[in-house]
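Residue-level structural notes
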Amino acid sequence: MLKQRRNTERQIALFLLGGVMLVPPVLVLFNHPDRVAGIPSLYLYIFLVWTGLIGFTLAITRRMRLDELAARENRQADVEPLAPASVDGHADA
Amino acid sequence: MNSPAKILIVDDEPNILLSLKFLMTKAGYSVRTAKDGEEALAEVAREKPDLMLLDVMMPKIDGFTVCQRVKSMADCVDVRIVMLTARGRDVEREKGLSLGADDYITKPFSTKDTLERVAGLLAQSKAEPSSESAAT
Amino acid sequence: MPMLSSSVIISVSFLYIGLLFAIAYYCDKRADAGRSVIANPYVYALSIAVYCTSWTFFGSVGRAATTGVGFLPIYIGPTLTFIIGWMVIRKIIRISKANRITSIADFIASRYGNSFALGALVSIIAVIGIPPYISLQLKAISTSFSILQGYPSIIMPQDVNGTSLLHDTEFYVTLLMASFAIVFGTRHIDASEHHEGMVAAIAFESVVKLVAFLSVGLFVTFGLFNGFSDIFARAEASPDLKRLFTINGISGHVSWITLTILSMAAIVVLPRQFQVVVVENIDERHLKKAMWLFPLYLLLINIFVLPVAFAGLLMFPDGSVKPDTFVLTIAMKDQQPLLALLAFIGGLSAATGMIIMEAIALATMVSNDLVMPLLLRMDWLRMRMRDDLTGILLAIRRGTILLVLFLGYLYASTLGTSYALVTIGLVSFVAVLQFAPAIIAGIYWKGATKAGALAGLAGGFALWTYTLLLPSFARSGWLSASFADHGPYGLALLKPYALFGLEGLDPISHATIWTMVFNVALLAGVSLFTSQSMLERSQAVHFVDAFKQSQGNGGEWRGRASADELWSLLARFLGAARTETALARFEKEYGRTLVLHGPADSDVVSFVKRQLAGVIGAASARIMVASVLREEMQDLDEVTRILDEASQLVVYSRRLESKSRELEAATAELQGANVRLRELDKLKDDFMATVSHEIRTPLTSIRSFSEILRDNPDIELEERQEFISIIVLESERLSRLINDILDLAKMEAGTTQWVFEVTDPKPVIEQALAATSGLFAKSASAKLRTVIAEKLEPVRIDRDRFTQVIVNLVSNAVKFCDRDHGLVTVKAWQEDGLIRVDVIDNGQGIAAQDQEKIFERFQQAGNTLTDKPQGTGLGLPICRQILQEFGGEVWVTSEAGKGAVFSFRVPIAADAPATAEHGPSLAQDAVLDAI
């Protein structure tokens, strides 16, 4: 339960971070026509932050799944078999 | 011995009054009687007795009240008061004594005992004035 | 160089669509066989990518060519939403599964107490708001088709005067899409079942459009140019293009923010998105993968938008080619017919995916939340009576699909030409954005009411109509153009694009701001001032606390409740008779007899739930059943709220109220009794003291005089005589007293032996009076006068006791009568079936306050008077006891100073109640009365 809440908190934090970074006024900081590595700074910035957000989301969901698996193993000792393991579980394994 | 001690007997039962009067007179005291509280206070005011035999349950003014009033009269502090009661409860005894009564006799009483107590109290009060003045 | 004739393009298109049919068909078959293809998080994530329509495929490049990064918020918004998808989207999925939600209209209606009005309003908004979006897809297909068939020359459609051709294309596409949607979208009646084939086809289309776009992007970036830097470097050289590197002006920033918000909502509230994200979701765990996979898809499909846009701008500097077509025309310009064809197919897949999904979502919505409820309300249709509504339902759905697509076609052929692709799409976005406040408030704020949701939706939709729809009519010439430019009747404050003076924003941002301001304000404001119905409240709790409720869909309870318990629960709400009927119905429906003992199976549970839902609403029913199933009630708040409202409870609380009133009364009574007991206790004490006093007094005299006589043998004879007689008198007094006390005690205890006989009272009275003659003889003055009626009816009495009463009263009268001229009068007569006797004296009388007291023990009036009269103080209490035993009564009337009248009466024998036989019990009562 505690871990679940932790993951929820992480998601909210990431959401707020993304919300702040991809919206003015933070966005304005990169709003100039110079190019960085050949790409306009604003474009580069947005795509980098975007990729970062997706990466962190992936990390969080992976962690959620690990926590769940651990919890399930703990539970399995005294509880009847649960629904078949999630498909994403197989896919990732 | 000078003049005999003056005793005032107060009771609303005429027969009890009669028997006490006979006993006290026989013992040589000067006896007056009253048949209720009002009369008793009037008698005290008329002439201060040395000792009162005072019944508790009386019409108009009860014995306790009489006792209290007598004791609160300036010159009657040294009047000895013996309460008579037919109720015979400790509470009443306590109440009587706290109001300044000197003794407490329960009806029906022994005549001999009553006479002894009266004599004892009167002897005590005769000795006391000197000791009291010595104390003060 | 191969030509791209119409026939080639059409053949390829049909091949593609045929492939879609095949995929859908195959997947449906697989699903029927129980081997689902779409039970897979990747398919789920790809199906969500139906979000990327031809608007993305062609339109993003178009928007990028005019605003630079301005197209990106449309994809950043969903990315943000998906980061918190596990909380928000999963909650919506959870709720929807629990309630068998079939559409977004259903969701909102269900949240606000299954409100028909809300469901209908949402459906109507969707049906009005979505067709522009569909028209956009049609337009994209027809335009791209028209351009592609011009290959190798690049001719913009309007240049060849091909309007009719365009419309024809649109028309055929419409028909094709409609047939596809009808075939795969309306196979099942149960809309909450999954359209597996559809979803698989959509997912496939997502792959196609991504591959197509990436192919074009890679070709442009690395084939035509030398990578990203090259394109951007060349663009930098042109000031016009360099301007696109940045967001320009306040309006650009405001637009960025509003588009982000708009798209954050759109990813869930667009009807087709709700369909794929929520309704078609098979396993909420799939969402976990989609949370990053779908944003990744969005990122990938957008990477090459800017390079392609700049490439197009660089390659067609004269502006002859519309940026919306760059994806297609760049490939054509470079003589790449296959790539162009691929781009066309990509656009086609983006468009068809959207059209099909949107049509199905709208069809479900319209049939379930608008048309069916209306039909069911029309009693004359007798819809409720029909056993099978399947046909009607399917007809409605199919009709709706045709209608919606036709509306889209109409919009495209009449209005569509006046807008760029993206703008048309955004008009729809703003329309469906109106659903967002009702949904978000619905799942996070229990206080949001139906009235609030209705007001918010209606207000927001009205403003959308005013700020976006009407101006688009104006631009198309349906309304006067001055309406859009100068406001109605020239009122500048009401200009649709600058409402209340909000100038300088693009129409979409402007409309987003105003609709949201009104929508949210109305929703919150009205909610705060309206109340919820019971059903609404229970649904609100149900929705908001979705995660707190037990997760099982019915599997967890198995074996934990007996069928018996469930039926008795049902009986509580339906009553015994209706429960019997329900039982019969169950057995008929399931074709088996119900075993009442033993665990309930899922059939019983769901049947009982349904029956209950019909009475108390679905949510309440669920909770009631859950309580019997001993499912953990995690939220007490929920239960209390439900119970709070349940009408049953109102009855209970009323009963409780009256019970507590009774209890109060009982408490007061008890307190009274307690006080009375304490009084009695005190009375007992007083009584003992009084008895003690009364006995000791004569005893004192006896003892004193005895001792005097003993100790004084010399007393004179006369005195001795007097003393002895006193002793004798006092002894008599004592024994009289003891007799009286014993007498009264026995009477009160009920142990007195009564000797009743029916007798003429006259001789008894006369004898009693004769017995009192001694009293008069002793008294000097008192005289007796008797007035006794000639004839008295016989009474049922104990003679001795009767005599005792008269002697007591007469001796009292003698005692208290005038000392000098004493007169005692005894009267006896008959009245109203009673014998009445009055004993009258001419003494001082008895004060009013003492008149009742004197009948109590030892309460002689004399006690407070000057002279103490003789007597035990028990005579009158004894008289009262005796007369009560006779069934009569005794009382006194007196005026102070005018003597007293003691009266008593006893009933005449014929009428005498037979109370005497069970005297003891009455006597017991009498004890209480006496004390």
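Everything quoted here is computed from the prediction, not taken from an experiment.

**A few points about the overall build of chain A**
The helix and strand inventory of chain A stands at three helices and two strands. Of all 93 residues assigned to chain A, the portion counted as buried reaches 35%.

**Overview of the pattern of salt bridges**
Pairing between side chains of opposite charge can happen when their charged atoms approach one another. Per the stated rule, a full pass over the model turns up 29 salt bridges over all chains. Among the ionic pairs, Arg117 of chain B bridges to Asp103 of chain B, the shortest N-O distance being 2.9 Å. Here Arg117 of chain B is found in helix α5 (residues 111–135), whereas its partner Asp103 of chain B is found in strand β5 (residues 103–106), with 14 residues between them in sequence. Given the relative accessible area of 15%, Asp103 of chain B is considered buried. One salt bridge connects Arg836 of chain C with Glu831 of chain C, and the closest N-O pair in it is separated by 3.4 Å. Among the residues examined, Arg836 of chain C registers a relative accessible area of 14% and is labelled buried. Taken together, the shared-partner salt bridges connect Glu831, Arg836, Asp838, Glu889 and Arg905 of chain C into one network.

**Description of the packing of aromatic side chains**
Here a ring pair, both rings aromatic, is described through the centre-centre distance and the interplanar angle of the planes. Residue and element names in this part refer to chain C. Overall, the coordinates contain 34 aromatic pairs over all chains when judged by the stated rule. Both rings, one in Phe107 and one in Phe274, keep their centres 5.8 Å apart while their planes meet at 65°; by these two values the pair is edge-to-face. One end of the pair, Phe107, is in helix α6 (residues 104–111); the other, Phe274, is in helix α14 (residues 271–279), with 167 residues separating them in the sequence. For the pair shown, Phe107 and Phe274 are each scored as buried. Through a chain of ring-to-ring contacts, three or more aromatic side chains come together here, namely Tyr51, Trp55, Tyr75, Phe82, Tyr133, Phe294 and Phe429. Here Arg111 stacks its cationic end above the ring of Tyr112, 4.5 Å away from the centre of that ring.

**Digging into the sheet that holds strand β1 (residues 6–10) of chain B**
Residues and elements named next belong to chain B. Taken in spatial order, the five strands make up an open sheet running β2-β1-β3-β4-β5, and their pairing is parallel. One side of each edge strand has no neighbouring strand; the edge strands of this open sheet are β2 (30–34) and β5. Here the strands of the sheet are splayed against their neighbours by 20° on average, with no regard to which way each runs. With four bridges joining them, β1 and strand β3 (residues 51–55) adopt parallel strand pairing. In the strand pairing of β3, Ile7 is matched with Leu51. Packing against the sheet, helix α2 (residues 37–46) makes contact with β1, β2 and β3, and its axis sits at approximately 145° to β2.

**Structural notes on the interface of chain C and chain B**
Every contact between the two is made by 28 residues of chain C and, on the other side, 22 residues of chain B. Where chain C abuts chain B, roughly 2300 Å² becomes buried across the two surfaces, and 58% of that area is made up of carbon and sulfur atoms. Looking at the side of chain C facing chain B, the largest losses of area belong to His693, Arg696 and Thr700 of chain C, adding up to 23% of the total buried there. For the pair chain C and chain B, the interface holds two salt bridges. For Asp714 of chain C, the salt bridge goes to Lys26 of chain B, with nearest N and O atoms at 3.4 Å.

**Regarding the interface of chain C and chain A**
Listed as interface residues are 45 residues of chain C and, on the opposing side, 42 residues of chain A. In total, chain C and chain A occlude about 3800 Å² of area from one another, counting both sides; carbon and sulfur atoms represent 74% of this. Considering only the side of chain C, the residues that lose the most area to chain A are Ile83, Arg285 and Lys288 of chain C, jointly responsible for 17% of the buried surface there. Between chain C and chain A we count zero salt bridges in total. Counting across the chain C and chain A interface gives three residue pairs in polar contact (both at pLDDT 80 or more). Each residue belonging to the side of chain C that touches chain A can be placed in one class, and the counts come to 30 nonpolar, ten polar and five charged.

**Regarding the confidence of the model for chain A**
Residues and elements named next belong to chain A. In the predicted model, chain A carries a mean pLDDT of 75, and the fraction of residues at 70 or more is 75%. The least confident element of chain A is helix α3 (residues 87–92), whose mean pLDDT is 40; the most confident is strand β2 (residues 39–40), at 84. Considering only residues more than four positions removed or in separate chains, one finds that residues 78–93, a stretch of pLDDT under 50, has 23 contacts.

**Comments concerning a nonpolar patch on the surface**
Residue and element names in this part refer to chain C. A cluster of nonpolar side chains, contributed by Phe171, Tyr172, Leu175, Phe406 and Leu410, occupies part of the molecular surface with about 480 Å² of accessible area. Elements represented by at least two residues in the nonpolar patch include exactly α9 (163–185) and α19 (390–414). In terms of residue count, the dominant contributor to the nonpolar patch is α9 (three residues). Tracing the sequence through the fold places Tyr172 in helix α9. We classify Tyr172 as exposed; its relative accessible area is 57%.

**Brief notes about the sheet that holds strand β6 (residues 889–894) of chain C**
All names here are of chain C. The five strands are arranged β2-β4-β5-β7-β6 in an open sheet whose pairing can be described as mixed. The outermost strands of the open sheet, each flanked by one partner alone, are β2 (783–788) and β6. Shown here is a sheet whose adjacent strand axes are inclined to one another by a mean of 15°, direction ignored. Pairing between strand β4 (residues 823–831) and strand β5 (residues 834–841): eight bridges, direction antiparallel. Paired with Glu831 across the strands is Leu834, a residue of β5. On the sheet, helix α36 (residues 875–886) packs against β6 and β7 (900–907) and is oriented at approximately 25° with respect to β7.

**So, the nonpolar core**
Counting 190 residues, the largest nonpolar core has Tyr43 and Ile46 of chain A together with Tyr51, Phe310, Phe429 and Phe435 of chain C as the members making the most contacts within it. The greatest single-element share of this core, amounting to 18 residues, is contributed by helix α18 (residues 337–377) of chain C. Looking at this core, you find at least three residues from each of domain 1 (6–424) and domain 2 (434–548) of chain C. Contacts of Phe435 of chain C, omitting those with residues within four sequence positions, involve Ile104, Ile108, Val122, Ile125, Ala126, Val269 and Leu457 of chain C.

**Description of the environment of Val517 of chain C**
All names here are of chain C. Tracing the chain through its elements places Val517 in helix α24 (residues 507–529). Residue class for Val517 comes out partly exposed when judged on its relative accessible area of 43%. Put simply, Val517 and Gly460 are 57 residues apart on the chain and 8.2 Å apart in space, counted from C-alpha to C-alpha.

**Observations regarding the pairing of β2 of chain B**
As a general feature of sheets, a regular strand has side chains that alternate between the two faces. All names here are of chain B. Of the pairings in the sheet, the one linking β1 to β2 comprises five bridges and is parallel in character. Bridging from a neighbouring strand, Lys6 pairs with Ser30 of β2. Once you follow β1 into helix α1 (residues 14–26) and on to β2, the crossover reads as right-handed.

Parameters and conventions
All residue numbers here refer to positions counted from 1 along the written sequence of the relevant chain. Each chain gets a letter, beginning with A, and each ligand a number, beginning with 1, in the order they are written. Per-residue local features of the predicted model are confined to residues with pLDDT of at least 70, and side-chain atom pairs are confined, for both listing and counting, to 80 or more; whole-chain, interface and lining totals are unaffected and use all residues. To obtain the side-chain values, all non-hydrogen atoms of the structure were included, while hydrogens and water were left out. Secondary structure counts use DSSP, requiring at least four H or I residues in a row for a helix and at least two E residues in a row for a strand, with both numbered from the N terminus. Three exposure classes are used, based on accessible area relative to the maximum for each residue type with a 1.4 Å probe and protein chains only: buried under 20%, partly exposed in between, and exposed over 50%. Salt bridge, as used here: a side-chain nitrogen of Lys or Arg that lies within 4 Å of a carboxyl oxygen of Asp or Glu. Centre distance within 6.5 Å is the pairing criterion for rings of Phe, Tyr and Trp, where only the six-membered ring of Trp is used; planes under 30 degrees apart are then read as stacked, over 60 as edge-to-face, and the remainder as tilted. The criterion is that NZ of a Lys, or CZ of an Arg, lies within 6 Å of the ring centre and within 35 degrees of the ring normal, and then a charge sits over that ring. Any two strands with at least two DSSP bridges between them are considered paired. Convention adopted: a line fitted to C-alpha atoms gives each axis, helices being fitted over their contacting stretch, and angles between N-to-C directions are expressed from 0 to 180 degrees. Contacts: residue pairs with any heavy atoms within 4.5 Å of one another. Buried area, as used here, totals the accessible surface that two parts lose on assembly, with accessibility defined by a 1.4 Å probe and the loss added over both. Two N or O atoms form a polar contact when they lie within 3.5 Å of each other; inside protein one atom must be a possible hydrogen donor and the other a possible acceptor, and for residues adjacent in sequence the pair counts only when both atoms belong to side chains. Classification used: nonpolar for Ala, Val, Leu, Ile, Met, Phe, Trp, Tyr, Cys and Pro, charged for Asp, Glu, Lys and Arg, polar for all others including Gly. Think of pLDDT as the predictor's per-residue confidence, scored from 0 to 100. To count toward a patch, a residue needs a relative accessible area above 30% and no salt bridge. Like charges then connect within 9 Å, nonpolar side chains (Val, Leu, Ile, Met, Phe, Trp, Tyr) within 5 Å. Each accessible area is a Shrake-Rupley estimate made with a 1.4 Å probe; only the visible protein chains count as cover when residues are assessed. Buried Ala, Val, Leu, Ile, Met, Phe, Trp, Tyr and Cys residues form a nonpolar core when they are joined through side-chain atoms within 4.5 Å. For each domain, the first and last residues come from an automatic or database assignment. Handedness rule for crossovers: strands pointing away from the viewer, path from the first strand over the helix to the second running clockwise, crossover right-handed.

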